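What follows is the residue order along each chain.
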Amino acid sequence: MKKIALFIIAMVIATVTFAQINITPAAPGVSYGKKITKDHAIDLASLNKHLAKDTVYSGKITGQVVEVCKKKGCFMTLKQANGEDIMVRFTDYAYFMPQNIVGKKVVVEGTAKVKETSVERLRHYAADAGKTKSEIAKISKPKKDISIMADGVLVTE
């Protein structure tokens, strides 16, 4: 029984440790999830203008990646000029992002929504992003922001 338990623990550790191994490194032209093109993509400023009138946008959005989940690449954030980053998650967790995607320009296709993120969820994201316990503890209010559920991601630069 002990041997089985040790084997299972070893497998879990190996899975977590090597979670990023099978993800293709980010480079121009590499796609994740649904295969998409950069045609008709809008920038983040245009997205903000659209979402000022409507709470949902479906289509392609272009931006620069500033952060990716350090555990397994299950989310990334895009940089906005106003300093507020946009969270991008992936439909049904069907694919993940490599760690080297930070700094790359991408096109994501999916649905962007204005929503309120709970303190609990913000703390979870901060922990996944590798923030310190003191940084996580400072999160005390929900945040109204834009989030994107992406069906596909294309690295453009």
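About the cut-offs
Sequence order as written defines the numbering, with residues in each chain counted from 1. Note on the predicted model: pLDDT of at least 70 is required for a residue's local features to be given, and 80 or more for side-chain atom pairs to be given and counted; whole-chain, interface and lining totals, by contrast, use all residues. Each side-chain value is derived from all of the structure's non-hydrogen atoms; neither hydrogens nor water enter the calculation. Numbering of helices and strands runs from the N terminus, with a helix taken as a DSSP run of H or I at least four residues long and a strand as a DSSP run of E at least two residues long. Relative accessible area decides the class of each residue, using a 1.4 Å probe on protein chains only: under 20% of the type maximum gives buried, over 50% gives exposed, and in between gives partly exposed. Counted charges follow a simple rule, with Lys and Arg positive, Asp and Glu negative, and His plus the chain ends left uncounted. What makes a salt bridge here is a side-chain nitrogen of Lys or Arg within 4 Å of a carboxyl oxygen of Asp or Glu, nothing more. For this analysis, a polar contact is any N or O atom pair within 3.5 Å, provided that within protein one partner can donate a hydrogen and the other can accept it, and provided that sequence-adjacent residues contribute only side-chain to side-chain pairs. Residue contacts are defined here by distance: any two heavy atoms, one from each residue, within 4.5 Å place the two residues in contact. Each pair of aromatic rings taken from Phe, Tyr and Trp, with Trp reduced to its six-membered ring, is defined by centres within 6.5 Å and is described as stacked if the planes are under 30 degrees apart, edge-to-face if over 60, and tilted in the remaining cases. For two strands to be treated as a pair, DSSP must find no fewer than two bridges joining them.

> Tell me about the side chain of Lys60, and name the residues and values.
Tracing the backbone through its elements, the reader meets Lys60 in strand 2 (residues 56-68). Although Lys60 is buried, it makes no salt bridge; Glu109 carries the closest opposite charge, 4.7 Å away. Among the polar contacts listed, one links the side chain of Lys60 to the side chain of Thr37, at a separation of 2.9 Å. Among the polar contacts listed, one links the side chain of Lys60 to the backbone oxygen of Asp39, at a separation of 3.2 Å. Contact partners of Lys60, with chain neighbours within four places excluded, come to Thr37, Asp39, His40, Ala41, Ile42, Val107, Val108 and Glu109.

> Account for the packing of aromatic side chains, with residues named and values stated.
Geometrically, a pair of aromatic rings is defined through the distance of the ring centres and the angle of the planes. Counted under the stated rule, the structure contains two aromatic pairs. Between the aromatic rings of Phe75 and Tyr125, the centroid separation amounts to 5.5 Å while the plane-to-plane angle is 55°, which identifies the pairing as tilted. Highlighted residues: Phe75 in strand 3 (residues 75-78) and Tyr125 in helix 3 (residues 119-128), separated in sequence by 50 residues. With respect to burial, Phe75 and Tyr125 carry one shared label: buried. Considering the side-chain rings of Phe90 and Tyr95, the 4.9 Å spacing of their centres and the 45° angle between planes classify their relative orientation as tilted. No difference in accessibility class separates Phe90 from Tyr95, as the two residues are buried.

> Which residues make up the side chain of Glu109, and what are the values?
Here Glu109 shows up in strand 5 (residues 105-117). Side chain to side chain, Glu109 and Lys34 meet in a polar contact 3.4 Å long. Each residue touching Glu109, except ones within four places of it in the same chain, is listed here: Lys34, Ile36, Gly59, Lys60, Met149, Ala150, Asp151 and Gly152.

> With reference to specific residues and values, describe the pattern of salt bridges.
Scanning the entire structure with this criterion turns up four salt bridges. Between Lys34 and Glu109 there is a salt bridge; the shortest N-O distance is 3.4 Å. Highlighted residues: Lys34 in the loop between strand 1 (31-33) and helix 2 (44-53) and Glu109 in strand 5, separated in sequence by 75 residues. Using a relative accessible area of 18% as the deciding quantity, one classes Glu109 as buried.

> Any chance you could break down the pairing of strand 4 (residues 86-90) for me, citing the residues and the numbers?
By the criterion of burial, strand 4 is predominantly enclosed, with four of the five residues buried. Relative to strand 4, strand 3 runs antiparallel, the two sharing four bridges. Considered in strand 4, the bridge of Met76 is made with Val88. Inspection of the sheet shows strand 4 paired to strand 6 (residues 143-155) by four bridges, in the parallel sense. Residue Phe90 lies in a different strand from strand 6, and its bridge partner there is Ala150.

> Can you explain unusual backbone geometry? Please cite residues and give values.
Positive phi, close to 65°, is recorded for His40, a residue that is not glycine. Structurally, His40 can be placed in the loop between strand 1 and helix 2. Looking at His40, the relative accessible area reads 75%, which means it is exposed. Even without glycine at this site, Asp92 takes up a positive phi of about 55°. Tracing the sequence through the fold places Asp92 in the loop between strand 4 and strand 5. Take Asp92: its relative accessible area is 71%, and that puts it in the exposed class.

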